[in-house]
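# Close look at the chain arrangement
The lines below spell out each chain.
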Amino acid sequence: MEMIDLRSDTVTRPTPAMREAMAGAEVGDDVFRDDPTVQQLEEIGAAMLGKEAALFVASGTQSNLVALLTHCGRGDEYIVGQQAHTYLYEGGGGAALGGIQPQPLNLEPDGTLDLGLVAGLIKPDDIHFARTRLLCLENTTLGRVLPLEYLAKARRFADTHGLRLHLDGARIFNAAVAAECGVAEIAAPFDTISVCLSKGLGAPVGSFLAGSVDFIKEARRWRKVVGGGMRQSGILAAAGIHALENHIDRLEEDHANARALAAGLNTIEGMGTDPGIPQSNMVFARFSGDAAAVAARLAAEGILVLPGNPMRLVTHLDVSADDIAQVIAAFSRIVPDLSRFRS
Ligand SMILES: *Cc1c(COP(=O)(O)O)cnc(C)c1O
């Protein structure tokens, strides 16, 4: 059975055209800077984001880690959302490998960090404290798109307080398509941006980090240190180039599918989705009933989800509008049925 997989947008498989681009890629040893395809990806990525340079890396986690290691030294601190990927889902890499202290705080419901609260967390220049160096934002964050005015405010805030500004833009292209603006507009206020090629863009592996020439030179050193110096990686970069050239505009289909999914789920008794979203490719569904039981019943109908309530459902390249109709129909059978037997 062909499964409909809503667990994440990381599950996409390379299309035949992408595989063809990979097979035909010209390659060399990228640690010697001999791989023309990697260099091409780095040039295209930097140009799209309006930055001087970019660095192809193995994953989004490696990209954010290399950014932290480059921005911050031992005993430095970065301020980050408590629910942000960089803080919560990257194994504490900055602390484990860089001696970098995170200062987390809760995200606001719209995915921003309250800059007034951030100001109160910046440490004074005093030997008792870590040195606050960096502010990290995420866009999209939990499927939400950060407003451009907020990003401009964050830049002024960072300048006022002498902080650097990093964006975990794993889904920055979803944000740009949803906000109907250029990706460079979102990137402009940031010193550095990490972008995932292996999420909704559909590449099998890879991310890139963008910033100034000097920053990327130093980041290249840290990428090597963390074991990310790859050799004939043009074969992977070719997939990334193909994704950037062919899979950006179609992200709107994923967003439309997410909106249709939310609308359908909201008609089901005992179910509702978080208000004000989906803004991009994620639906957060709440329901009466046991999440594991719902997930098991969905799996029996060929639909893969991660159990949770709210349950995050992610649309992507390998989910069609027909699939969405099937998913709504399955939830409409399963959720009322399971909630009926609750005491
Ligand atoms: C997936 C993701 C990452 C990390 O990417 P990996 O390639 O899985 O390491 C970082 N930030 C956000 C917001 C993500 O969704």
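Before going into details, it helps to say that this report is about the structure given with it. (Residues numbered from 1 in each chain as written. Predicted model: local features only at pLDDT ≥ 70, side-chain atom pairs only at ≥ 80, totals over all residues. Heavy atoms only, no water.)

### Considering the site of the ligand
Formally: By convention in this text, a residue qualifies as near a molecule or strand provided that one of its non-hydrogen atoms is within 4 Å of it. Residues adjacent in sequence count toward polar contacts only when both atoms are side-chain atoms; beyond that, a polar contact is any pair of N or O atoms within 3.5 Å, and within protein one must be able to donate a hydrogen and the other to accept it. Each accessible area is a Shrake-Rupley estimate made with a 1.4 Å probe; only the visible protein chains count as cover when residues are assessed. In this classification, the charged set is Asp, Glu, Lys and Arg, the nonpolar set is Ala, Val, Leu, Ile, Met, Phe, Trp, Tyr, Cys and Pro, and all remaining amino acids, among them Gly, are polar.
Around the ligand, a shell composed of Ser59, Gly60, Thr61, Asn64, His85, Glu90, Glu138, Asp168, Ala170, Arg171, Cys196 and Lys199 is seen. In the environment of the ligand, an oxygen atom lies 2.6 Å from a nitrogen or oxygen atom belonging to the side chain of Thr61. Here an oxygen atom of the ligand and a side-chain polar atom of Lys199 are 2.7 Å apart. Within the complex, 83% of the 380 Å² of free accessible area of the ligand lies under protein. Among the residues making up the shell around the ligand, the classes are represented as two nonpolar, five polar and five charged.

### Looking at the sheet that holds strand 4 (residues 101-105)
Operational definition: At least two bridges found by DSSP between two strands is the condition for calling them paired. Here a helix means four or more residues in a row that DSSP labels H or I, a strand means two or more in a row labelled E, and each is numbered from the N terminus. To get an axis, fit a line to the C-alpha atoms, keeping to the stretch in contact for a helix; angles then go from 0 to 180 degrees between the N-to-C directions. For this analysis, residues touch if any pair of their heavy atoms sits within 4.5 Å.
Strand order in the open sheet made by the seven strands is 2-8-7-6-5-3-4, with mixed pairing throughout. In this open sheet, the two edge strands, each paired with only one partner strand, are strand 2 (53-57) and strand 4. The average angle at which neighbouring strand axes cross in this sheet is 20°, direction not considered. Lying on the sheet, helix 3 (residues 60-71) is in contact with strand 2, strand 3 (76-81), strand 5 (131-138), strand 6 (164-169), strand 7 (192-196) and strand 8 (207-211); it crosses strand 8 at an angle near 30°.

### A closer look at helix 8 (residues 172-179)
We apply this condition: Note on classification: 1.4 Å probe, protein chains only; a residue is buried when its accessible area is under 20% of the maximum for its type, exposed when over 50%, partly exposed between these limits.
For helix 8, a buried count of six out of eight residues is recorded, marking the element as mostly surrounded by other parts of the structure. For helix 8, the complete set of buried residues consists of Ile172, Phe173, Asn174, Ala175, Ala176 and Val177. Structurally, helix 8 contributes buried residues whose contacts are with helix 2 (36-49), strand 6, helix 9 (183-187), strand 7, helix 11 (234-246) and helix 12 (251-265).

Worth remembering: the numbers are spatial, not functional.
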